[in-house]
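So the chains spell out like this:
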Amino acid sequence: MNDKVTRQIETMKRGYILDPNRILADYRKEIAEIRGYHGRELLELLQNAVDELGGTNDRSVSVVLRDHVLTISNNGSLFTFEGFISLMYSNLSPKHNKNEYIGNKGTGFRSILNWADRIRIYSGDLSVEFSGEYAQETLTELQENAGVAEFCASHDEVKLATLVAPRLIPPLHNKNHDTVIEVELKSNVVDKVLGQIQQINSKTILFLEKLEKLNVEYNGDVLLFQKDPPERDNDVYDVMITTKKNDEIIERDKWVVLSREGEFEKQKYGVMVAYKEDMSAVPDVLYSYFKTKVQFPVHALVHATFDLNAERNHLSETEANKHILRVVCDTLVELALRATSEDVNYAALSLLSTIRDFPSELNWDDFSINEYYLDAVAANCVFPTVNGKYISFDEKPKFYYSNIADFLHGDAFETLMPSTENIEIRNLLKAISKHRKLGTRYSYNEITTGINVTLPSLQIRERAALWLAFVNEYKNEISSDLKPHFVIDSNGKAVIDGQQVFLPAENINFSSPPDFTKIVFMHKDLVAALRDMQGKDGSLRILATELSKFDVREYNLVNIVCRLLLEKKKSAHQASKKTRGCYEETVEW
């Protein structure tokens, strides 16, 4: 290998002598390429190391910062001559010769020129060094040629690109890895490098499928991130990542991962979504192997091979990225569908809910991720109902912020969703409702009819809670023509329309008036339940006021007697043959 490198160096020199313009052109190209990687240098080095892990059983990478020297080591494929040439000349990366993924530029190695005084590579029998100092020495040598000297004299500050001027160095003996890259750091970047190293965590290796072990050493500490090889029977699999600090386990994280691959315009793309079964994943940013700066507000981590901008932190507005974002949305919904279970609950919507809107930078002229995502969620059966089924939003689910759904079930409420205190789920339902222009409440007639069917199956406390929830939801719509039959009399019978209801006397046992009066006392247990749910302010007077639209009145003997006399004076009653009996019942009462 070193012989080939020596010949290539001579070829490089002859090329610059034949065309000195290339000296300045290659230098400017190198500067332009490394400018976009500020803040991601370590990640790009790590990505390059991971790319070569395919040919080994020991899929490990080591990152060590010691005495102003950063060392990146990996097992696997060695540097090829073509790979070495790609370092010297831009756009000759071996990655460009493959049917590679969208967003794969193959120029990440150059990023470390932001940091380096010297870069040394030891891989197989290749051992070379790059430095600005040696590049300048090579330029001085080239200026012995009159044409090169004349070109340099006629242009300001001509420099030679660092990576076009390698020099051979002695091999590194007793290497622990197949490939070792040493970077002698500029004195003013050590703190920046340390800052990037400290950002490495267990999530760093989550989406690097080839990487199983990442060793990180700095400031006397040794961190080990180890990923158990997942058993992949299908495209959904568990990933367990263990973190050790100085040989002591400090964290174990289990992720459920769903991966997708496809092609767009003859280029491959990959998508991976990872979530935790307890939904504890904190919304973060989009990943393209490593973190970008694009906020992504779902309760999962999302990686895709996006086409990133020059800084590698934001998505470019391309048709490929629009397609991949659609796939991301569909994949999230698919993962949520897998989270649905026979025990119908809100797990799926918990995964799909967001802590905020998607960022505006993902909404382009002909594509809105907000709208696509809401439509993707709405179209699938991820909305739980009180009857233990999942439905889609096309089936017009109903949802209430109160607890009214806790007491309703049956055929009349097939589309009613259970109550939830989860603000994010509530906001998602509100957003879909607004986007689809569909209400999420039953009409007054619908819910009244359904409640009357359900009431016979409820216990007294459930009946009381449902009554108060109904009044809270529909207090401005309660009609004298149609009302739920919440009231039960002192005998436990449902009170129908047309009967006057009085709350029972407090601390007095008073029997109900005769039947012909159409006056009943509300069941004491129902009154007690209603007052208990109203809290310390639940007086009979306040309760009667709240339930007045249901013909409920506070106990008052004078009012009851007046009502009784009024009923006896009615013409229908006067014409009745049972008048005498009614008088007798009244006197007895």
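Residues numbered from 1 in each chain as written. Predicted model: local features only at pLDDT ≥ 70, side-chain atom pairs only at ≥ 80, totals over all residues. Heavy atoms only, no water.

K.L.:
Lay out the packing of aromatic side chains in plain terms, naming residues and giving numbers.
P.N.:
Summed over the entire model, instances satisfying the criterion amount to 17 aromatic pairs. Centre to centre, the rings of Phe-207 and Tyr-287 are 5.3 Å apart; their planes meet at 65°, and the pair counts as edge-to-face. Of the two residues, Phe-207 is situated in the loop between helix 7 (190–198) and strand 7 (213–218) and Tyr-287 in strand 12 (residues 284–288); the sequence distance between them amounts to 80 residues. The exposure classification of Phe-207 matches that of Tyr-287, with both residues buried. (Phe/Tyr/Trp six-rings, centres within 6.5 Å; stacked < 30°, edge-to-face > 60°. Helix = DSSP H or I, 4+ residues; strand = E, 2+ residues; numbered from the N terminus. Buried < 20%, exposed > 50% of the residue type's maximum accessible area, 1.4 Å probe, protein only.)

K.L.:
Help me get a handle on the confidence of the model for the protein, residues and values and all.
P.N.:
Per-residue confidence for the protein gives a mean pLDDT of 87, with 88% of residues at or over 70. Highest mean pLDDT in the protein belongs to strand 17 (residues 383–384) (97); lowest belongs to helix 17 (residues 571–574) (50). (pLDDT = per-residue confidence, 0-100.)

K.L.:
Lay out the nonpolar core in plain terms, naming residues and giving numbers.
P.N.:
By size, the foremost hydrophobic cluster in this structure holds 78 residues, and its most contacted members are Leu-70 and Leu-214. If you tally residues by element for this core, the top one is helix 3 (residues 41–51), at 6 residues. Every residue in contact with Leu-214, bar those within four places of it in the chain, is listed here: Leu-46, Val-61, Val-63, Ile-200, Ile-205, Leu-223, Leu-224 and Phe-225. Grouped together as the second largest cluster of nonpolar side chains are 55 residues, Val-298, Ala-336, Ala-376 and Phe-393 included. (Core = buried A, V, L, I, M, F, W, Y, C linked by side-chain atoms within 4.5 Å. Contact = heavy atoms within 4.5 Å.)

K.L.:
Can you tell me about the packing of helix 1 (residues 2–18) against helix 5 (residues 132–142), naming the residues and giving the values?
P.N.:
Look at helix 1 against helix 5: their axes get within 11 Å of each other, and the N-to-C directions meet at 55°. By the criterion of interaxial angle, the relationship of helix 1 to helix 5 is oblique. For the pair helix 1 and helix 5, the crossing hand works out as right-handed. Contacts between helix 1 and helix 5 pair Met-12, Lys-13, Tyr-16 and Ile-17 from the former with Thr-138, Glu-141 and Leu-142 from the latter. Classifying every residue of the contact of helix 1 with helix 5 gives 4 nonpolar, 1 polar and 2 charged. (Axes fitted to C-alpha atoms, helices over the stretch in contact; angles between N-to-C directions. Parallel < 35°, antiparallel > 145°, perpendicular 65-115°, else oblique. Left-handed = near helix turned anticlockwise from the far one by under 90°. Nonpolar A, V, L, I, M, F, W, Y, C, P; charged D, E, K, R; others polar.)

K.L.:
Explain the pairing of strand 11 (residues 267–275) to me, and be specific about the residues and the numbers.
P.N.:
Judged by how many residues are buried, strand 11 sits mostly within the fold: 7 of 9 residues are covered. In this sheet, strand 11 lies alongside strand 10 (residues 248–264) in antiparallel orientation, the contact comprising 9 bridges. Note that in strand 11 the partner of Glu-263 across the bridge is Lys-268. Where strand 10 hands over to strand 11, the hairpin turn is made up of 2 residues, of which Glu-265 adopts a positive phi near 50°. (Pairing = 2+ DSSP bridges.)

K.L.:
How would you summarise the side chain of Asn-114 if you had to cite specific residues and measurements?
P.N.:
Positionally, Asn-114 belongs in the loop between helix 4 (81–88) and strand 3 (116–123). In this structure Asn-114 comes out as buried when scored by relative accessible area, which is 13%. Of the polar contacts made by the side chain of Asn-114, one reaches the side chain of Glu-41; its length is 3.0 Å. (Polar contact = N/O pair within 3.5 Å; in protein donor to acceptor, adjacent residues only side chain to side chain.)

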